[in-house]
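# Architecture at a glance
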Amino acid sequence: MSDIQTISGHRGLLLEEPLIFEQSSPGRDGIDLPEAPPLDLDRLGGLARKAPIGLPDLSEPQMVRHYTRLSQKNYGIDSGFYPLGSCTMKHNPRLSEKVARLPGLADLHPFQPQSTIQGALEVIDLLAFWLKGLTGMPAVAMSPAAGAHGEWCGLMAIRAYHEDHGQGHRRRVLVPESAHGTNPASAAMCGFTVDPVPANALGRVDVEAFKAKLGDDVACIMVTNPNTCGLFETEILEIAKATHEAGAFFYCDGANYNAIVGRVKISDLGIDCMHINLHKTFSTPHGGGGPGSGPTVLSDKLAPYAPLPFVVHGQNGLKLIEHAEEVEGARPFGRVKGFHGQFGVFIRALAYILSMGGDGMRQASTDAVLNANYLLARLKDVLTASFDGPCMHECLFDDRFLKDTGVSTLDFAKMLIDEGFHPMTMYFPLVVHGALLMEPTESETKETLDGFIRVVLGLAAKAKDGQVEDFKAAPRLTPRRRLDETLAARTPVLRWKPGANSAS
Amino acid sequence: MSEMRFTKDHEWIKVEGSTGTVGITDYAQHALGDLVFVEVPEAGRTLKQGDECAVVESVKAASEVYSPASGTVVKANATIADQPGLVNESPEDKAWFFTITLSDPSELAGLMDRAAYDEYVKGLE
Amino acid sequence: MRYLPHTESDRRAMLAAIGISDVEQLFADVPVSARQAASFDLPAGQGEMAVERAFTRMAGKNLSAGCAPFFIGAGIYRHHVPAAIDQLLSRGEFLTSYTPYQPEVSQGTLQYLFEFQTQVALLTGMEVANASMYDGATACAEAAVMAARITKRPRVLLSGSLHPQYRETTETFLKYTELEAEALSPDPLGMEDLIGRIDSRTACVVVQNPGFFGGLQDLRPLAEACHADGALLMVMVAEPVSLGLVESPGAMGADIVVVEGQSLGMGMNFGGPGLGLFATRDKYVRQMPGRIVGQTVDQDGRRGFVLTLSTREQHIRREKATSNICTNSGLCALAFTMHLTLLGETGLARLAHLNHALAVRLESKLRAVKGIKVLSQSYFNEFAVTFADDIDATAIVEALAAKGILAGVPAARFFPGWPELRPVLLLAVTETNTEADMDALVSALNEVL
């Protein structure tokens, strides 16, 4: 199919689309604006722009077609099955989009007088109520903008607590080797050093090795639970106990909270602090890489250190606290971003939560775990599972099943693209060789999973049958085939310049 | 021609007189894949054995290069900064990283010779 | 539950395939003491109509900007968002896709980010831009850290022109690092001496233009002073529409430019999500935080786009990464680039001119109000005024809110410990303001003053 040549370069519904800079005709209008009032003397202090910017001029129909065509080159959850492990690509309800656009919520300024935004504060407060209720934790810092930002927020609260209690020398953070890269990166931003903890043969934290690393210079541990291999940390209570006995805190990376939401309270696991990715567990859209939101739940000890701003119940309704002096006992470590948090994301997450309810979320995590175990059960005789089940919300395979076929994990994933699926997460976690991490989520039907299983088994048979060339050539049916990443990095072309970005 | 000595971190050093030439091994370039970026130390920088002295990057991996010996950097190889691919093509010859005036030649005794390094690498696979 | 497709018979069939009889067996690894019974005492799920009613009720408790003469800015600006943007933003292929790690199925996202990076570089007068940060405040903090990394110097000098929340965020970022922030006092009149404070430990000077109090500043002398001393100049822009009319920071010698991009494409959303634009010189690209898209070719030699220079990032470099950022503001970047595509060179210049002309018009109307003095010497679409006789600006704003007018932000909201700022009010004007809005503000002020 890919060898069919057309005069236009288009291939039926696969439409080529130039850059906006290649479609400009100076003076074209995409927006009609009212006439400005006469301006005798500008007030720009002599700083009026002298040269043109160089932006392209397009009309509205051109613009609409441009982005429509670009959208057609993307795969989304709406397009099909997206088993991208550790990313939780589940259905994004459209009700969330609708209510987020209500003018009474969307068309609000963060610095309006508080009497005029009581409903907005209620959205924040109600979401906080649910996050605290679901996790069993007494407090939540709402403002972090994403998961990694929440990690940093939690670690800052931990550092602030230690500094406040004469424990400022606690600078070491224990992080399992299988952790997301954000964990060590966030720790470094708080002035902590990272000490890796090995895993045991069952894919869990090696508790003895972990205990041996505890000491009075340890600020906290950072453990993802369920972990990045999709497994529940079976000895989590013992880990928490040893951590607390050593005077350290237990930070939990909540990236995989969706596996246990509605079933397990975080407070029952001995956790002091955990960020929640609203764009994973609570189904707000990933949007091609954001925006996310990473509220961080805190224990009683850490709660006073929560960053500004936060909402409290006052005498005349809800009150947004923007300065530490306004609340007795508050010891905020600072401010993590501008304004009051990812409000647009809060609305969407709350709409999902109210739709699901406590019962619905329990069923969602149950179905997510059921789906992952179904994949594991149906695939494990052909693919090589890295650890025995049961798994939680995602199942991990490694590339032993491809040994001596000449096919790599990457090749296998690219073949899945031609079969109409988004690939699983590859080469993560780093603790197994050639990882294939599959997270089906609760949104998928049994029929979809069966279709995927049939394809994966078929591809495994093809690989073992020596059809390696097909794998190396994949994908062949996409708008672009494999891209030269080495060229991109060796000679970076990071923007359009006149005459410098020809099509080939 | 003096003999090359090797570190466990896959650097090599070749000494002539009091000057050593440093690079990374064929095994290292192979493990990293196509290199896209190399950062070499400035001339005049003083290094201790084991100090981070250079950075090598492929598309999906980055790795520090550690100095196999103590001393002062004499000259860096500007060619590999412009053409990182040369490290893939000729890691143990043309794509040397820098030369260094050794301050403690006795350190080299702790490094491996070719046969020992080959054996070490075999154990990693 | 409408989002969960399994029937009970599906679930039974799947359990049978797994070889178990009860789904609880899948949770056997959870400690018994942490297994919760069916209910958390949290409310049950609800249908669409009930949920929509709940939000409509909460929305009804707010005074939305469209229902009032509206003059609030201070970092979030109310601009008209063309209808096409929201329609296109809602396409599932944009809305429900992940970060474009698989370039063969993400060319749409990658191409618009490449276009976005180009627009940001052009707008700021810089050579290269990344694919976005969370917001202006965090991008400002990351830029300060980047400047320290480049210069290998520890001190960051924060101008009093900087938005107080950008300042607080940056101070927080640096709090437990080896870097230090020195913040100057709020500076409504543009009187501070930054140049005299630059020394051999200064990594960068951070200024905002237009400043938090609205003032515009020629940054060339400051850029020269920074460069003469080996420091970088970092410029923050809170209102990107200004760049349609005002000289770009790059043209004035900035080394890093950070912009809060909310003004274009996104609406206000009570201040979040925002969009951090981040631009710099080519030579610093490997020190940048965040994702970067680059052009390349595919196996058949056709132009395509990929994420590139990833070795700076946390998923590869871990604790040595330039930042911990992973998720950024992809969809907000799409809204921004769409709006700028609709505007183009011609439209942006016209929009910027309209904003400025309306602001000048409001200023001239306010000159006729007794008891108000305009503080800003120069400005774009926002300026500071002060009330005579030390009248509390907060009280004025509350009084006007009671009359249904959202009349700017009192400076005291940000600087409660600065009595001299008690009578200072920030007023912003955009293309959404009508002549009638301005007259309503003026007559209401005449009533309360």
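As annotated in an unreviewed UniProt entry, chain C is Probable glycine dehydrogenase (decarboxylating) subunit 1 from Magnetospirillum moscoviense. As recorded by UniProt, the Function (unreviewed entry) comment attached to chain C reads in full: "The glycine cleavage system catalyzes the degradation of glycine. The P protein binds the alpha-amino group of glycine through its pyridoxal phosphate cofactor; CO(2) is released and the remaining methylamine moiety is then transferred to the lipoamide cofactor of the H protein." Among the UniProt annotations of chain C, the heading Catalytic activity (unreviewed entry) holds the following wording: "N(6)-[(R)-lipoyl]-L-lysyl-[glycine-cleavage complex H protein] + glycine + H(+) = N(6)-[(R)-S(8)-aminomethyldihydrolipoyl]-L-lysyl-[glycine-cleavage complex H protein] + CO2".

The name given to chain B in an unreviewed UniProt entry is Glycine cleavage system H protein, with the source organism recorded as Magnetospirillum moscoviense. In UniProt, chain B has this text filed under Subunit (unreviewed entry): "The glycine cleavage system is composed of four proteins: P, T, L and H."

### Points about the overall build of chain B
A count of helices and strands for chain B gives four helices and nine strands. Starting at the N terminus and ending at the C terminus, chain B contains elements arranged as β-β-β-α-β-β-β-β-β-α-α-β-α. Taken against the 2.2 N^0.38 rule, which gives 14 Å for 125 residues, the C-alpha radius of gyration of chain B at 13 Å falls within 12% of a compact globule. With the C-alpha coordinates of chain B rotated into their principal frame, the extents come out at 35 × 35 × 25 Å. Across the 125 residues that make up chain B, the buried fraction comes to 50%. Long-range pairs, those at least 24 residues apart, make up 59% of the contacts in chain B with a sequence separation of at least 6. In chain B, which carries 10 positive and 22 negative side-chain charges, the distance between the mean positions of the two groups comes to 2 Å.

### Some remarks on the overall build of chain C
If you tally the helices and strands in chain C, you get twelve helices and 13 strands. If you line up chain C on its principal axes, its C-alpha atoms span 80 × 55 × 50 Å. Looking at the 449 residues of chain C, the share that counts as buried comes to 68%. Considering only contacts in chain C between residues 6 or more positions apart, those separated by 24 or more positions represent 72%. In the structure as shown, chain C presents an accessible area of about 13,700 Å², 52% of it carried by carbon and sulfur atoms. In chain C, which carries 37 positive and 49 negative side-chain charges, the distance between the mean positions of the two groups comes to 1 Å.

### Considerations on the sheet that holds strand E1 (residues 128-129) of chain C
Residue and element names in this part refer to chain C. Spatially, E1-E7-E6-E5-E4-E2-E3 is the arrangement adopted by the seven strands of the open sheet, whose pairing is mixed. Each having just a single partner strand, E1 and strand E3 (180-183) make up the two edges of the open sheet. Pairing of strand E2 (residues 155-158) with E3, which is carried by four bridges, proceeds in the parallel orientation. For Arg-155, the partnering residue across the bridge sits in E3 and is Glu-180. Lying on the sheet, helix H6 (residues 136-151) is in contact with E2, strand E4 (202-208), strand E5 (232-237), strand E6 (256-260) and strand E7 (276-280); it crosses E6 at an angle near 170°.

### Regarding the interface of chain C and chain A
On the side of chain A, 213 residues touch chain C, which itself brings 195 residues to the contact. Here chain C meets chain A over a buried area of about 17,400 Å², counting both sides, of which 62% is carbon and sulfur. Between the two partners, chain C and chain A, sit 17 salt bridges. Scanning the region where chain C abuts chain A turns up 103 residue pairs in polar contact (both at pLDDT 80 or more). Per-element tally for the side of chain C that touches chain A: the top contributor is helix H10 (residues 330-366) of chain C, with 26 residues.

### A look at the packing of aromatic side chains
Scanning all chains against the criterion turns up 28 aromatic pairs over all chains. A ring pair is formed by A:Phe421 and A:Phe452, whose centres lie 5.2 Å apart and whose planes are at 80°; its orientation type is edge-to-face. Of this pair, A:Phe421 sits in the loop between helix H11 (409-418) and strand E12 (425-426) while A:Phe452 is found in helix H12 (residues 446-464), placing the two residues 31 residues apart along the sequence. An identical accessibility class is assigned to A:Phe421 and A:Phe452; each is buried. Taken together, a centroid distance of 6.1 Å and an interplanar angle of 45° make the contact between C:Tyr98 and C:Tyr101 tilted. Of the residues examined, C:Tyr98 reaches a relative accessible area of 10% and is grouped as buried. Residue C:Tyr101 is classed as partly exposed on the basis of its relative accessible area of 33%. Taken together, the ring pairs in this structure connect A:Phe111, A:Phe339, C:Phe212, C:Phe213, C:Phe414 and C:Phe415 into an aromatic cluster. Across the ring face of C:Phe40, the terminal group of A:Lys265 is positioned such that the distance to the ring centre comes to 5.1 Å.

### A few points about the pairing of strand E5 (residues 249-253) of chain A
Residues and elements named next belong to chain A. By the criterion of burial, E5 is predominantly enclosed, with five of the five residues buried. Of the two faces of E5, both are covered, the one formed by Phe-249, Tyr-251 and Asp-253 as well as the one formed by Phe-250 and Cys-252. By the bridge criterion, five bridges tie strand E4 (residues 218-224) to E5 in an arrangement that is parallel. From the neighbouring strand, Met-222 faces E5, where its bridge partner is Tyr-251.

### A closer look at the pairing of strand E9 (residues 317-321) of chain A
Residue and element names in this part refer to chain A. Across five bridges, the pairing between strand E8 (residues 310-314) and E9 is antiparallel. Each residue of the ladder has a partner; that of Val-311, found in E9, is Leu-320. Taken together, E8 and the strand that follows it, E9, pair antiparallel across an intervening segment of two residues.

### Describing the UniProt feature "modified residue: N6-lipoyllysine" (unreviewed entry) in chain B
According to UniProt, the feature "modified residue: N6-lipoyllysine" (unreviewed entry) maps to B:Lys60 in the numbering used here. Tracing the sequence through the fold places B:Lys60 in the loop between strand E6 (52-58) and strand E7 (62-66). Those residues in contact with B:Lys60, other than ones at most four positions away along the chain, are A:Glu485 and C:Ile316. There is a polar contact of 3.1 Å between the side chain of B:Lys60 and the side chain of A:Glu485.

### Notes on the interface of chain C and chain B
Interface size is often expressed as the accessible area that is lost when the parts come together. Counting residues at the interface gives six residues for chain C, matched by eleven residues for chain B. Taken over both partners, the interface formed by chain C and chain B buries close to 630 Å², and the fraction arising from carbon and sulfur atoms is 43%. For the pair chain C and chain B, the interface holds five salt bridges. When the shortest N-O distance is used, the salt bridge between B:Glu52 and C:Lys320 registers 2.8 Å. Scanning the region where chain C abuts chain B turns up five residue pairs in polar contact (both at pLDDT 80 or more). Residue composition of the side of chain C that touches chain B, grouped by class: one nonpolar, two polar and three charged.

### Concerning the pattern of salt bridges
This structure, assessed with the given rule, holds 64 salt bridges over all chains. In this structure, C:Arg155 and C:Glu182 form a salt bridge, with 2.3 Å as the shortest nitrogen-oxygen distance. Taken as a pair, C:Arg155 in strand E2 and C:Glu182 in strand E3 lie far apart in primary sequence, 27 residues in all. C:Glu182 gets classed as partly exposed once you look at its relative accessible area, which sits at 24%. What emerges from the salt-bridge pattern is a single network uniting B:Glu52, B:Glu57, B:Glu64, C:Arg286, C:Arg317 and C:Lys320.

### Notes on the UniProt feature "domain: Lipoyl-binding" (unreviewed entry) in chain B
UniProt marks residues 19-101 of chain B with the feature "domain: Lipoyl-binding" (unreviewed entry), using the numbering shown here. Taken end to end, residues 19-101 of chain B comprises 20% helix and 42% strand; its first and last C-alpha atoms sit 5 Å apart.

### Some thoughts on the nonpolar core
One finds A:Phe282 and C:Phe55 to be the most contacted residues of the largest nonpolar core, which totals 118 residues. At 20 residues, the largest contribution of residues to this core is made by helix H10 (residues 343-379) of chain A. Taken domain by domain, the makeup of this core includes at least three residues from each of domain 1 (96-352) and domain 2 (358-479) of chain A. With sequence-adjacent residues up to four places away left out, A:Phe282 is seen in contact with A:Leu131, A:Leu134, A:Tyr257, A:Val261, A:Ile276, A:Asn277, A:Ala349, A:Tyr352, A:Ile353 and A:Met361. With 105 residues, the next largest nonpolar core counts C:Leu194, C:Leu348, C:Val360 and C:Leu425 among its residues.

### Some details on H11(A)
Residue and element names in this part refer to chain A. Of all ten residues in H11, nine are buried, a share of seventy percent or more. The set of residues buried in H11 consists of Thr-409, Asp-411, Phe-412, Ala-413, Lys-414, Met-415, Leu-416, Ile-417 and Asp-418. The secondary structure elements touched by the buried residues of H11 are E12, strand E13 (436-438), H12 and helix H13 (468-473). Gly-420 lies just past H11 and shows a positive phi near 90°.

### Things to note about helix H5 (residues 107-124) of chain C
Residue and element names in this part refer to chain C. The terminal C-alpha atoms of H5, which comprises 18 residues, lie 26 Å apart, in line with the 26 Å expected from a rise of 1.5 Å per residue. By the criterion of burial, H5 is predominantly enclosed, with 18 of the 18 residues buried. Where H5 terminates, the next one or two residues include Gly-125, which has phi positive at roughly 75°.

Definitions and cut-offs
- Residues numbered from 1 in each chain as written.
- Chains lettered and ligands numbered in written order.
- Predicted model: local features only at pLDDT ≥ 70, side-chain atom pairs only at ≥ 80, totals over all residues.
- Heavy atoms only, no water.
- UniProt positions renumbered as here; feature names shortened; annotations may be inferred.
- Helix = DSSP H or I, 4+ residues; strand = E, 2+ residues; numbered from the N terminus.
- Rg over C-alpha atoms; globule rule 2.2 N^0.38 Å.
- Buried < 20%, exposed > 50% of the residue type's maximum accessible area, 1.4 Å probe, protein only.
- Contact = heavy atoms within 4.5 Å.
- Lys, Arg positive; Asp, Glu negative; His and termini not counted.
- Charge placed at Lys NZ, Arg CZ, Asp CG, Glu CD.
- Areas by Shrake-Rupley, 256 points an atom, 1.4 Å probe, with all protein chains shown as cover.
- Pairing = 2+ DSSP bridges.
- Axes fitted to C-alpha atoms, helices over the stretch in contact; angles between N-to-C directions.
- Buried area = accessible area lost by both parts, 1.4 Å probe.
- Salt bridge = Lys/Arg side-chain N within 4 Å of Asp/Glu carboxyl O.
- Polar contact = N/O pair within 3.5 Å; in protein donor to acceptor, adjacent residues only side chain to side chain.
- Phe/Tyr/Trp six-rings, centres within 6.5 Å; stacked < 30°, edge-to-face > 60°.
- Lys NZ or Arg CZ within 6 Å of the ring centre and 35° of its normal.
- Nonpolar A, V, L, I, M, F, W, Y, C, P; charged D, E, K, R; others polar.
- Core = buried A, V, L, I, M, F, W, Y, C linked by side-chain atoms within 4.5 Å.
- Domains from an automatic or database assignment.
- Expected span 1.5 Å × (residues − 1).

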